[in-house]
Amino acid sequence: MQTSNVTLSPLDGVVLVGFLAAILGLGFSAKLRDSSILQYLSAGRSLSMPAFVATLVSTWYGGILAIGDSVKAFGFGGILLFGVPYYIFAIVYALFFAERVRGADQISIPERLNQRWGKTAGLVGAGLVFMLAVPAAHVLMLGTMLHLLTGWALHPAIVVATIVGTLFLYKGGLLADVRAGLLAFVMMYVGFFVIAGWCLTHYPPGDVVRHLDPSLKKWDGGVGWLGFLSFFIAASWTLVDPGFHQRVASARSPEVGKKGLYVCVGFWMLFDILSIITGLYAISILNPNLSGLEFFPLLGNQILPPGLKAIFFCGLIGTILSAMVGYTLVSGATFGREFIARLKPNMADKEIKLWTRVGFAASCGLGIGIAFVVDNVVLDLWYAYSGAVVGALLLPITAIYVPRMRLKATSGWASTSMLLAFITSFAWLIWCKRTQNPNYEVSLAGQKFTLGTLIPGLIVSAVVLGIGEVAGRRALKT
């Protein structure tokens, strides 16, 4: 069949329909061991090493179309801006966080905030975690795939893709997500091995490199060392990402959570290599004026033969779908269990599950609304919107898991730090939009670089907690 952007052969259609039927079938056929909320949200904390690795790899890499956007913008530098910093922080998480996250009775970030900093901090944290977990980027990317495959207008495609892609979550919770994620994990690697291998065997790599813009050949993607430092700090998102936390908390044991992360880093490195190769070929082969979100699917459409094209598309769709479902689960659980249930104590599991499902719908609705208005996933969603939340959460959460950070600041200071940090970062975001500064750039030491929103919030958070620490120590001495 022919669409406005992609041409699919009958064989491609059969492969795609078969894949979608398989991934939805795996999700809908999930059978929970019991009706408890723990089983629903964390699969009874029993994820094996293969399940843990497969689902965390595919969920954390769900922004695959945006990787095409980042390669288009930063070329070879993409591996250092969006790869290496995340490996480092994942290893930091494995060393200092993983065993404590899995070893605790609490399964969510707001629970730990509540335990360490009190009820108000737990509620503030729940609101921030909900905003961070809203799957806006994945909603936009899955809608883009449906738009390209069917020729539908983008907005209806976003709505349909979101509804259909999350339906099985209402029934099976995390177990349904894991079952679908296992297939997504296999297909994402098969799909990118197919297209990267095809590119390397049919187009001389030297020609691709020679035709690249000089800025795309730089180690830093042309952003400078201050810009690189800003992107590096942004990767600390890993330490507070609620999807990351949920997978580790749901592992069968602390050892699975810790060792599994090292295995995940290896898989992420491999996939980064495959995606960077594919992205560089897309820059060389396709019209450079195309949207970066369309780079990967349109490259596959142009160069791959029937059958292989569909396999590549299955890898893209499965990866995005797995991440969208994973973050919808976290945001819905945060809404139902960490916010509503804390405002209304002694809720039964059945009622919490109902409010969690309401949270799924609310999260998807908000994600769709955001997806309708954003222009750039990397800058608008990851670097700006999410950065504002991460900057507010980073220090209060790190203080929970790093033993040496035994702060004496009281719970009120933690809540205030999160609120003021988020307000500061969000105000900076709005200011940049109003002043036509879409890259959130500032000048320092004669160099203009992208600051983002995480760093301003992090500075405010550090100042507020620092004042609280001084006040707390003085109170102890009196």
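Residues numbered from 1 in each chain as written. Predicted model: local features only at pLDDT ≥ 70, side-chain atom pairs only at ≥ 80, totals over all residues. Heavy atoms only, no water.

**Student:** Break down the side chain of Thr-238 for me, with residues and values.
**Tutor:** On the secondary structure map, Thr-238 appears in helix α13 (residues 237-240). For Thr-238, the residues in contact, after removing those within four places along its chain, are Trp-60, Tyr-86, Phe-89, Ala-90, Tyr-93 and Phe-244. (Helix = DSSP H or I, 4+ residues; strand = E, 2+ residues; numbered from the N terminus. Contact = heavy atoms within 4.5 Å.)

**Student:** Describe the pairing of strand β1 (residues 441-444), with residues and values.
**Tutor:** Here β1 runs beside strand β2 (residues 447-450); their pairing, made up of four bridges, is antiparallel. Counted as the bridge partner of Ser-443 is Lys-448 from β2. Between β1 and β2, which pair antiparallel in sequence order, lie two residues; one of them, Ala-445, sits at a positive phi of approximately 55 degrees. (Pairing = 2+ DSSP bridges.)

**Student:** Summarise the pattern of salt bridges; cite the residues concerned and give the values.
**Tutor:** Summed over all chains, the structure comprises nine salt bridges. Between Glu-111 and Arg-337 there is a salt bridge, with its nearest N and O atoms 2.9 Å apart. Placement of the pair is Glu-111 in helix α7 (residues 109-117) and Arg-337 in helix α17 (residues 308-343), with a sequence separation of 226 residues. Exposure class is identical for Glu-111 and Arg-337. Each is buried. When salt bridges that share partners are traced, they join Glu-111, Arg-337, Glu-338 and Arg-342 into one network. (Salt bridge = Lys/Arg side-chain N within 4 Å of Asp/Glu carboxyl O. Buried < 20%, exposed > 50% of the residue type's maximum accessible area, 1.4 Å probe, protein only.)

**Student:** Give me the packing of helix α9 (residues 136-150) against helix α18 (residues 349-373): which residues, what numbers.
**Tutor:** Each packed pair of helices is defined by two parameters, the angle between the axes and the distance between the axes. At a minimum axis distance of 8 Å, the contact between α9 and α18 shows a crossing angle of 65 degrees. Between α9 and α18, the interaxial angle falls into the category roughly perpendicular. The handedness of the crossing between α9 and α18 comes out as right-handed. Where α9 approaches α18, its residues Ala-136, Val-139 and Leu-140 are matched on the opposing element by Gly-367, Ile-368, Ile-370 and Ala-371. Class assignment for the residues of the contact of α9 with α18 results in six nonpolar, one polar and no charged. (Axes fitted to C-alpha atoms, helices over the stretch in contact; angles between N-to-C directions. Parallel < 35°, antiparallel > 145°, perpendicular 65-115°, else oblique. Left-handed = near helix turned anticlockwise from the far one by under 90°. Nonpolar A, V, L, I, M, F, W, Y, C, P; charged D, E, K, R; others polar.)

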